[in-house]
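# Residue-level structural notes
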Amino acid sequence: MSIVTIRNVEFFNNPARFLDPYHFRVTFECIAPLKDDLEWKLIYVSSPGNEELDQELDDCLVGPVPVGVNSFEFEGLAPDPAKIPTEDVLGVAALILTGSYRDQEFVRVGYYQNTEYDNEDMKATPPEKIQFDRLVRDISTKLRVTRFQIKWDVVPQSQGYAAAGAAASAAVPSANDLDGAHDLDGDDANRST
């Protein structure tokens, strides 16, 4: 079970110029107080076959993290054009947001980013030398979430110890509890059969 679940990632500047910083808000839920900060990283992947070309655009620490729904705004630099092979500039790249606790990655949210020129003439006949100031990026709303099991070192409040002699049981949801919530991790609260 994950102590932290991402609920939403909202990009403020999408589409944008290729050289503009990335600016977005991450909303997540935490079901137990954490002793240490969460670390978030934004990574640009221009060449999937060569991990050495991945660029960590920025990272940040978020904490202390209270129980409940939390959010923070994140701004990451644009990728360094000098580190992108010319053949990988135009077209599709990947943008990855990772979340870690105590150096253990617990979530990875991946997006496809399409990069192209800002006018039809340059799209049809790209210049020999890439003109980065004329490029625009568009981050797809289709995403892929990968969760990893880690050691959280905390116990969720709902899983505390029962009083001596008391029976421990799970709450039974009512029909009203089952209407419609969806989270970013793909867990549907409402599954009709």
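Here the structure is a predicted model, which is why all the values come from computation and not from measurement.

## Re the packing of aromatic side chains
Following the criterion strictly, the structure yields 12 aromatic pairs and no others. Taking 6.4 Å as the distance between ring centres and 80° as the angle between the ring planes, the aromatic pair formed by Phe-18 and Tyr-44 counts as edge-to-face. Taken as a pair, Phe-18 in the loop between strand 2 (16-17) and strand 3 (22-30) and Tyr-44 in strand 4 (residues 38-45) lie far apart in primary sequence, 26 residues in all. Pair check on accessibility: Phe-18 and Tyr-44 agree, each one buried. Measuring from ring centre to ring centre gives 5.9 Å for Trp-40 and Phe-106, while their planes differ by 80°; the resulting arrangement is edge-to-face. One end of the pair, Trp-40, is in strand 4; the other, Phe-106, is in strand 8 (residues 104-117), with 66 residues separating them in the sequence.

## Some remarks on the pairing of strand 3
Note that strand 1 (residues 4-11) and strand 3 share seven bridges and pair antiparallel. Paired with Phe-11 across the two strands is Phe-24, which belongs to strand 3.

## Side note on the nonpolar core
Grouped together as the largest cluster of nonpolar side chains are 41 residues, with contacts concentrated most on Leu-34, Leu-38, Trp-40 and Trp-152. Contributions of two or more residues to this core are made by strand 1, strand 3, strand 4, strand 5 (55-62), strand 6 (68-76), strand 7 (91-101), strand 8 and strand 9 (135-147). If we ignore the near neighbours within four places in the chain, the residues touching Leu-38 are Val-4, Phe-28, Cys-60, Leu-61, Val-62, Val-65, Ser-100, Tyr-101, Phe-106 and Trp-152.

## Things to note about the confidence of the model for the protein
Across the protein, the average pLDDT comes to 84, with 80% of residues at or above 70. When the criterion is pLDDT under 50, residues 159-183 qualifies, and its contacts beyond four places in sequence or with other chains add up to 14 contacts. Under a pLDDT of 50 for its full length, residues 185-193 has, in the predicted model, 14 contacts with residues more than four places off or in other chains.

## Regarding the sheet that holds strand 3
Read from one edge to the other, the open sheet built from three strands follows the order 1-3-6, with strand pairing classed as antiparallel. Since the sheet does not close on itself, it has two edges, and those belong to strand 1 and strand 6, each with one partner. Each strand axis lies, on average, 20° off the axis of its neighbour in the sheet, ignoring direction.

## Notes on the environment of Ile-139
Along the chain, Ile-139 turns up in strand 9. Separated by 124 residues in the primary sequence, Ile-139 and Pro-15 have C-alpha atoms spaced 6.7 Å apart.

## Things to note about the pairing of strand 7
Counting buried residues in strand 7 gives eight out of 11 residues, a clear majority hidden from the surface. Two elements, strand 4 and strand 7, share eight bridges in a ladder whose sense is antiparallel. Counterpart to Tyr-44 in the pairing with strand 7 is Leu-95. Strand direction decides the pairing type here: strand 7 and strand 8, joined by 11 bridges, are antiparallel. Across the sheet, the residue bridging to Ser-100 is Glu-105, located in strand 8.

Criteria and thresholds
Residues numbered from 1 in each chain as written. Predicted model: local features only at pLDDT ≥ 70, side-chain atom pairs only at ≥ 80, totals over all residues. Heavy atoms only, no water. Phe/Tyr/Trp six-rings, centres within 6.5 Å; stacked < 30°, edge-to-face > 60°. Helix = DSSP H or I, 4+ residues; strand = E, 2+ residues; numbered from the N terminus. Buried < 20%, exposed > 50% of the residue type's maximum accessible area, 1.4 Å probe, protein only. Pairing = 2+ DSSP bridges. Core = buried A, V, L, I, M, F, W, Y, C linked by side-chain atoms within 4.5 Å. Contact = heavy atoms within 4.5 Å. pLDDT = per-residue confidence, 0-100. Axes fitted to C-alpha atoms, helices over the stretch in contact; angles between N-to-C directions.

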